[in-house]
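Now for the letters of each chain:
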Amino acid sequence: MRKLIVVTLALTSAGAPIHPLRAQTFPVEDSVLRAMWTEGMENSQAYALAQALLDSIGPRLTGSPTHKAANDWAVEILRRWGIDARNEAYGTWTGWRRGLAHIDLLSPRVRALEGSMLAWSPGTDGPVDAGVVLLPDLSDQAALDEWLPAVDGKYVLVSYPQATCRPDANWEQYATSTSLEAMREARDDRRRAQGDRIEAFGGVEGLHRRLEDAGAVGIISSNWSGGWGAHRIFAADTRRVPTLTLSCEDFGLLYRLALHGQSPKLRVDADAESLGEVPVFNTIAEIPGTEKPDEYVLLSAHYDSWDGASGATDNGTGSVTMLEAIRILKSVYPSPKRTILLGLWSGEEQGLNGSRAFAADHPEVVNGLQALFNQDNGTGRVSNIPMQGLTEAGAHFGRWLAHMPPEITKHIELALPGMPSGGGSDYASFICAGAPAFGLWSLSWDYFSYTWHTNRDTFDKIVFDEIKNNAVLVAMLAYLASEDPERVPRDRRVMPVDQETGEGRSWPECREPRRTADAARTDG
């Protein structure tokens, strides 16, 4: 991977979009804040960082060679900026290399299909040609046992076909109320029938293993996101044969051909390599504090991704935001009062494992945490910051934001006092201990419909004006939190009653990290 890393270190702005510097108004004279604005808006490296990370290195599946390449690249970049950085191992995970995959319809007509392997799927040993069977409606295990021989030597379609591959918004704009209702009823009927089918077969993993054991040559699924051409890519359950995912359109094509007795035949040629248990790392950087080195401001983003595309908005954008923010800080605020840390976490997609491990391994950071700022939901500018149930945190944020230019703060609402999150993203690994850890939530830009865990999460979806805004915001927050003469208090809200149980809710408990893939499977 050395050649790749050298290539990606050419951080130039060639090809970057050029925008005029926005006007800025600072309500309080502060030379550091002014310098941060200038550095972040006029000298931004966000485009160059994102291009190198997402185009050249690519997606960062936990345990993959590309994740390790991204770890090494970040350390080299940070050290080039004069920032101490390291890759810190926290456990192992299943190593896996994704290669090329071709899924082609051979008959009744020829067509290249849009799809890929699910993560950690076995590949094929060269091209495998076979017919297709549908998962039938079966009432019980006995009926399943009787049907299972039919899958021998076949690809099995295990998802339900969508009633339409048009987004709901398209139907709502153009359809009559009658046809819209009929479409939704058809979709709901198919979803319920599929749920009943899976339950009868003992769950998704159990079904896939039984199909594999019965001689299926591959399993084909589809997980449509609800947006044009976008489908989600998660993990495979099989151990010997490939699990493939197809676009909504192409899965529907195969399903209809099989349903109407038109004998679809596929060729699949999928290259993948299992690498066994490999070490996994968080990338950690540090600018030491000069007055309160045992108190910490932590910039936080998960570095891992699913690998159906480039991992651009989940969470390349958050990672680039934090890298750019710490670059700005090192440039204009190199001697902070409190220690400033950067955590680029691995294993978030498998249960916040990297950040949970760091919190468990570094109680001194949890105990000394002044504030953690985490970003993890796409390319949009930050618009909402919940206080995570800490009743006194809002006063600090109010003071910090009051020092910033309204070009940044006019977009932001504070949720007071908010509720502590038990999951969702890496701030949960710290707020569970009552440490001041906050998620910086961004405007949608159709994140969940089009780029969250999908085949469309690519570089072109990034809006760099939004990323520059967020990087400057984070740098300013880190500076003001570091300079604040007071610690952010850890006073907790009174937890409300759960309306479903009638009992009082409790503060989320900190969970042990899963440090191996076997532990994750054991935990279910």
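Quantities reported herein were computed from a predicted structural model and do not represent experimental measurements.

Focus: helix α8 (residues 204-213)
No. 1: Those residues of α8 that fall on the buried side of the exposure criterion are Leu207, His208, Leu211 and Glu212. The arc enclosing the buried residues of α8, seen along the axis, measures out at 135°, which places them on a common side.
No. 2: Tucked inside the fold, the buried residues of α8 contact α5 (141-147), β5 (155-157), α7 (177-200) and β6 (218-221).
No. 3: Just beyond α8, the residue with positive phi is Gly215, at close to 105°.

Some points on helix α3 (residues 46-57)
No. 1: With twelve residues, α3 extends 16 Å between its outermost C-alpha atoms, agreeing within 8% with the 16 Å of an ideal straight helix rising 1.5 Å per residue.
No. 2: Within α3, nine of the twelve residues are buried, which leaves it mostly tucked inside the rest of the structure.
No. 3: Every buried residue of α3 is listed here: Ala46, Tyr47, Ala48, Leu49, Ala50, Ala52, Leu53, Leu54 and Ile57.

Side note on the pattern of salt bridges
No. 1: Inspection of every chain in the model, using the stated rule, returns 27 salt bridges.
No. 2: The partner of Arg97 in a salt bridge is Glu273, and the shortest N-O contact between them spans 3.0 Å. On the criterion of sequence distance, the pair formed by Arg97 in strand β1 (residues 84-107) and Glu273 in strand β8 (residues 265-287) is long-range, its members being 176 residues apart.
No. 3: Using a relative accessible area of 27% as the deciding quantity, one classes Arg97 as partly exposed.
No. 4: Measuring nitrogen to oxygen at the nearest pair gives 2.8 Å for the salt bridge that ties Asp129 to Arg267. Pair noted here: Asp129 is in strand β4 (residues 128-134) and Arg267 is in strand β8, with a separation of 138 residues, a long-range link.
No. 5: In this structure Asp129 comes out as partly exposed when scored by relative accessible area, which is 34%.
No. 6: We classify Arg267 as partly exposed; its relative accessible area is 34%.
No. 7: Overlapping salt bridges, with partners in common, bring together Glu39, Glu324 and Arg327 in one network.

Some details on the side chain of Thr245
No. 1: Take Thr245: it is sitting in strand β7 (residues 243-246).
No. 2: In contact with Thr245, not counting residues within four places along its chain, are Ile103, Glu114, Gly115, Ser116, Leu118, Ser221, Ser222, Asn223, His231, Arg232 and Ile233.

Structural notes on the confidence of the model for the protein chain
No. 1: Residues at a pLDDT of 70 or more form 94% of the protein chain, whose mean pLDDT is 93.
No. 2: Long-range and interchain partners of residues 1-23, a stretch whose pLDDT sits below 50, account for 38 contacts in this model, where long-range means more than four residues apart.

Some points on the layout of surface pockets
No. 1: In this model, the largest pocket occupies a volume close to 1300 Å³.
No. 2: Leu118, Phe234, Ala235, Ala236 and Asp237 are, among the 46 residues lining the largest pocket, the residues nearest its centre.
No. 3: Contributing elements (two or more residues each) for the lining of the largest pocket: β1, α7, α8, β8 and α18 (517-523).
No. 4: The dominant element in the lining of the largest pocket, judged by the number of residues it contributes, is β1, at four residues.
No. 5: Of the residues assigned to the lining of the largest pocket, the class counts are 18 nonpolar, 18 polar and ten charged.

Thoughts on the state of the cysteines
No. 1: Tallied over the full model, the rule gives two disulfides.
No. 2: A disulfide bridge connects Cys165 with Cys248, and the sulfur atoms are separated by 2.1 Å. Between Cys165 and Cys248, the S-S dihedral sits near -85°, and the bridge is therefore left-handed. Note that Cys165 is positioned in the loop between β5 and α6 (168-174) and Cys248 in helix α9 (residues 248-259), a separation of 83 residues in sequence.
No. 3: Classification of Cys248 by relative accessible area gives buried; the value is 5%.
No. 4: One disulfide in the model links Cys432 with Cys510; its S-S distance is 2.0 Å. The sign of the 100° torsion about the S-S bond sets the Cys432-Cys510 disulfide as right-handed. Residue Cys432 is found in the loop between α15 (428-431) and β14 (437-439), and its partner Cys510 is found in the loop between α17 (464-483) and α18; the two are separated by 78 residues along the sequence.
No. 5: When its relative accessible area of 10% is taken as the criterion, Cys432 is described as buried.
No. 6: Described in terms of the sequence order of its bonded cysteines, the disulfide pattern of the protein chain is 1-2, 3-4.

Concerning the packing of helix α2 (residues 31-42) against α17
No. 1: Two elements in contact, α2 and α17, have axes separated by 9 Å at closest approach and are oriented at 155°. Viewed along their axes, α2 and α17 adopt a mutual orientation that is roughly antiparallel. The crossing of α2 and α17 is right-handed. For the pair α2 and α17, the contacting residues are Val32, Leu33, Met36, Trp37, Gly40 and Met41 in the first and Lys468, Asn469, Val472, Ala475, Met476, Tyr479 and Leu480 in the second.

Remarks on the pairing of strand β9 (residues 292-302)
Strand residues, when the strand is regular, have side chains that alternate between the two faces of the sheet.
No. 1: Counting buried residues along β9, eight of its eleven residues qualify, which places the element largely inside the surrounding structure.
No. 2: You can see the chain leave β9, run along helix α10 (residues 312-332) and come back into strand β10 (residues 338-345), and the turn it takes is right-handed.
No. 3: In this structure, β9 lies alongside strand β11 (residues 369-374), joined through five bridges in parallel fashion. Looking at the pairing, Val297 lines up with Ala371 of β11.

Basis of the calculations
Residues numbered from 1 in each chain as written. Predicted model: local features only at pLDDT ≥ 70, side-chain atom pairs only at ≥ 80, totals over all residues. Heavy atoms only, no water. Buried < 20%, exposed > 50% of the residue type's maximum accessible area, 1.4 Å probe, protein only. Helix = DSSP H or I, 4+ residues; strand = E, 2+ residues; numbered from the N terminus. Arc of directions from axis to C-beta. Contact = heavy atoms within 4.5 Å. Expected span 1.5 Å × (residues − 1). Salt bridge = Lys/Arg side-chain N within 4 Å of Asp/Glu carboxyl O. pLDDT = per-residue confidence, 0-100. 1 Å grid on protein atoms, 1.4 Å probe; cavity = no way out; pocket = protein on both sides within 12 Å on 5 of 7 lines; lining within 4 Å. Points joined across faces, edges and corners; volume = space filled by probe spheres on them. Nonpolar A, V, L, I, M, F, W, Y, C, P; charged D, E, K, R; others polar. Disulfide = S-S within 2.5 Å. Axes fitted to C-alpha atoms, helices over the stretch in contact; angles between N-to-C directions. Parallel < 35°, antiparallel > 145°, perpendicular 65-115°, else oblique. Left-handed = near helix turned anticlockwise from the far one by under 90°. Right-handed = clockwise from strand over helix to strand, strands pointing away. Pairing = 2+ DSSP bridges.

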